[in-house]
Amino acid sequence: MTPFSHPEFDNHEQLTFFCDPDTGLRAIVAIHNSNRGPALGGCRMYPYASDEAALRDVLRLSRGMTYKSALANLDLGGGKSVIIGDPRKDKSEALLESMGRCLESLNGRYIAAEDSGTSVPDLRIMGRQTRNVAGITDHPGFDGKPSNGDPSPATAYGVFTGLQAAVRHKLGRSDLEGLTVAIQGLGNVGFRLARHLKDAGARLWVYDIQPDNLARAVDELGATPVTADEILGLPVDVVAPCALGAVFNDDSIRNLHAKVIAGAANNQLAEPHHDEMLRQRGILYAPDYAINAGGIIDIFYERHGGGPQAVRQHLDTIAHTLTEIFLRADREDLPTGHIADRLAEERFKLRNS
Ligand code: NAD
């Protein structure tokens, strides 16, 4: 492993490798940038095929968190941690407590949150050993309803308001009555987004790989079910990817008929050049890490206090940031993802300089 010459290395401030043979813990914590504040990001547990694959993931994901928090104007830096192991076989209370001690040793420079392979109860076990875990406290959510720390409702609301901003910009309309939307993925975020859209009068076409999730959207929201092959290419106003990354590639972009892309999934573009390809096709892409920042905003306030109203006000800034990105992209004839990166860099590189 060669961290400094790794293709994903981007002047990360700190990389820490942890090993505890007694519990089987092997973990890496990456702090990409802390100009804006302590690095916050998920703790992922995954059976990586190699140490190299784990390093690649933690370098890439921690950098992404710097950009996301800066663009959301949060006083947070970017970090991520990975535990190498199969969460179904290798996870134990002892291993999670050991991870908690590792986090504690970083003295608050990195704060871990739930991610794939870890849950809120897992983070609570780590929290026996450290205060440096987030997204674990029962608190009133942004809508005043009780929340157990799950950031999905805030993410879904942020995506909904960001989608409205994109529709306003691209289609020149401020109401969503009769707007046609295709949603890929009806999980924690996608289903809630579908409900917001339905309540606002939109018409929905949906697909989920899990038949139960699909049936629920059909039964409860009157959505029209379609197949995996159809969902992204439907002749609708908006496509909302809420399942997987890398869904927009040369083929799927050629087959798109929507005018707007606005969804929750992380890393939606398969390659960087797809940003420009979407611009050339006249499709407005709401950069994923800008529109799906609701979760990190929610976690920030859970940690720092402020109450539901403050969270909601901050969530509403997602739409303003997106509108700024869209206007700058038009003015400079550049793709929206490129502008989002530049805006984020302005917000974190200038701190402390
Ligand atoms: P989830 O696991 O609850 O839901 C994902 C849904 O997608 C599931 O219902 C699953 O069955 C479905 N799915 C999986 N593969 C599919 C496929 N090939 N086609 C169609 N559907 C498929 O996850 P979530 O929390 O709703 O997150 C959705 C996306 O948003 C993820 O990419 C996640 O990284 C991203 N995201 C989530 C949050 C959050 O707060 N939960 C925050 C930021 C980003």
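Numbering of residues starts from 1 in each chain and follows the order in which that chain's sequence is written. Confidence filtering applies because this is a predicted model: local features only for residues at pLDDT of at least 70, side-chain atom pairs given and counted only at 80 or more, and all residues used for totals across whole chains, interfaces and linings. Hydrogens and water are ignored here; the side-chain numbers use all heavy atoms of the structure.

Turning our attention to the site of the ligand. In the region of the ligand, 22 residues are neighbours, and Thr155, Asn188, Val189, Asp208 and Asn213 sit closest. Distance and chemistry together define a polar contact, namely a pair of N or O atoms within 3.5 Å, with one atom able to donate a hydrogen and the other to accept it when in protein, and with adjacent residues in sequence counting only for side-chain atoms on both sides. Between the ligand and the protein, one listed contact pairs an oxygen atom with a backbone N or O atom of valine 189 at 2.8 Å. With respect to the ligand, the backbone of alanine 264 contributes an N or O atom lying 3.3 Å from an oxygen atom. Within the shell around the ligand, the residues separate by chemical class into ten nonpolar, ten polar and two charged. Nearness is judged by heavy atoms alone; a residue qualifies as near a molecule or strand once a single heavy atom is within 4 Å of it. Each residue gets one of three labels, nonpolar for Ala, Val, Leu, Ile, Met, Phe, Trp, Tyr, Cys and Pro, charged for Asp, Glu, Lys and Arg, and polar for the others, Gly among them.

Below, the discussion takes up helix 2 (residues 93-105). In an α-helix there are 3.6 residues to a turn, and that puts residues three or four apart on one side. Segments assigned H or I by DSSP are reported as helices when at least four residues long, segments assigned E as strands when at least two residues long, and all are numbered from the N terminus. A helix is expected to reach a length of 1.5 Å times the quantity of its residues less one. Over its 13 residues, helix 2 runs 19 Å from end to end, which matches the ideal 18 Å to within 8%, given 1.5 Å per residue. Any two residues having at least one pair of non-hydrogen atoms within 4.5 Å are treated as being in contact. Elements that come into contact with the buried residues of helix 2 comprise strand 1 (14-20), strand 2 (25-33), strand 3 (39-46), strand 4 (77-84), strand 5 (110-113) and helix 3 (120-126). One or two residues past the end of helix 2 sits asparagine 107, with phi positive at roughly 55°.

Geometry of aromatic contacts follows a simple scheme: Phe, Tyr and Trp rings, the Trp one being its six-membered ring, pair when their centres are within 6.5 Å, and the pair is stacked under 30 degrees between planes, edge-to-face over 60, tilted otherwise. Overall, the coordinates contain six aromatic pairs when judged by the stated rule. Seen from their ring centres, tyrosine 46 and tyrosine 48 are 5.1 Å apart, and the 65° between their planes marks the pair as edge-to-face. Each residue is placed in one exposure class: buried if its accessible area under a 1.4 Å probe, protein chains only, is under 20% of its type's maximum, exposed if it is over 50%, and partly exposed if it falls in between. Judged by relative accessible area, which is 46%, tyrosine 46 ranks as partly exposed. We classify tyrosine 48 as buried; its relative accessible area is 11%. One aromatic cluster is present, formed by Tyr67, Tyr289 and Phe348 through successive ring pairs.

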